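Each chain, letter by letter, is given below.
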Amino acid sequence: MNVREMLRFAWQGVTANKPRSALTTLGILIGVAAVIILVAVGTGSSKSVQDSISALGSNTLTVSASSTASGGRGGAGGFPVGLAGGGGGGDTTSQKAIQTRTPELTMADAEAIVESDEAPDVLGVAPVVSAS
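A quick note: this is a predicted structure, and the numbers were derived from the prediction, not measured.

Observations concerning the overall build of the protein chain
Looking only at helices and strands, the protein chain features 4 helices and 0 strands. In the protein chain, the succession of α and β elements from N to C terminus is α-α-α-α. Buried residues in the protein chain amount to 4% of all 132 residues. For the protein chain, the proportion of contacts with a sequence separation of at least 24, taken over those separated by at least 6, is 21%. Roughly 11300 Å² of accessible area belongs to the protein chain as shown, and the carbon and sulfur atoms make up 61% of that amount.

Description of the layout of surface pockets
Approximately 1000 Å³ is the volume found for the largest pocket. Along the wall of the largest pocket there are 26 residues; nearest its centre are Leu61, Thr62, Val63, Val125 and Ala126.

Quick look at a nonpolar patch on the surface
Taken together, the side chains of Met1, Val3, Met6 and Leu7 make up a nonpolar region of the molecular surface, amounting to roughly 480 Å² of accessible area. For Leu7, the position within the fold is in helix α1 (residues 3-16).

Comments concerning the confidence of the model for the protein chain
Residues with a pLDDT of 70 or more make up 72% of the protein chain, whose mean pLDDT is 77. Between the elements of the protein chain, mean pLDDT differs from a low of 53, seen in helix α3 (residues 93-97), to a high of 93, seen in helix α2 (residues 18-56). This model gives residues 70-90 a pLDDT under 50, and the stretch forms 31 contacts once residues within four places in sequence are excluded.

Cut-offs applied
- Residues numbered from 1 in each chain as written.
- Predicted model: local features only at pLDDT ≥ 70, side-chain atom pairs only at ≥ 80, totals over all residues.
- Heavy atoms only, no water.
- Helix = DSSP H or I, 4+ residues; strand = E, 2+ residues; numbered from the N terminus.
- Buried < 20%, exposed > 50% of the residue type's maximum accessible area, 1.4 Å probe, protein only.
- Contact = heavy atoms within 4.5 Å.
- Areas by Shrake-Rupley, 256 points an atom, 1.4 Å probe, with all protein chains shown as cover.
- 1 Å grid on protein atoms, 1.4 Å probe; cavity = no way out; pocket = protein on both sides within 12 Å on 5 of 7 lines; lining within 4 Å.
- Points joined across faces, edges and corners; volume = space filled by probe spheres on them.
- Patch = residues over 30% accessible without salt bridge, like charges linked within 9 Å, V, L, I, M, F, W, Y side chains within 5 Å.
- Salt bridge = Lys/Arg side-chain N within 4 Å of Asp/Glu carboxyl O.
- pLDDT = per-residue confidence, 0-100.

Encoded structure:
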């Protein structure tokens, strides 16, 4: 079977079942279009996120409050002083005196950073409040 006979056989198969051939062609076109659109949307989204991140600047520093497991007190392993595993070997009366406090940054902290002579390279401060 040579190439000419194969092409004639294929053409006869396509023309004999025109609705099936049209639907197959339509399915292939829709599939290719869907892939192209998804790639374009993914690339555009990625570019948008990269632009948003680069708009923040590489010279931006974020400061946030955090605490240790023992509220900032105690020894190794996050245990308060005087409890099992804690450093310092405190007495049992210190166990009752420990209070856990949620750390926070205030507007006074933000103003102190801006007005500080110790941080002359700080151009601005933007306090942000976030809650869950």
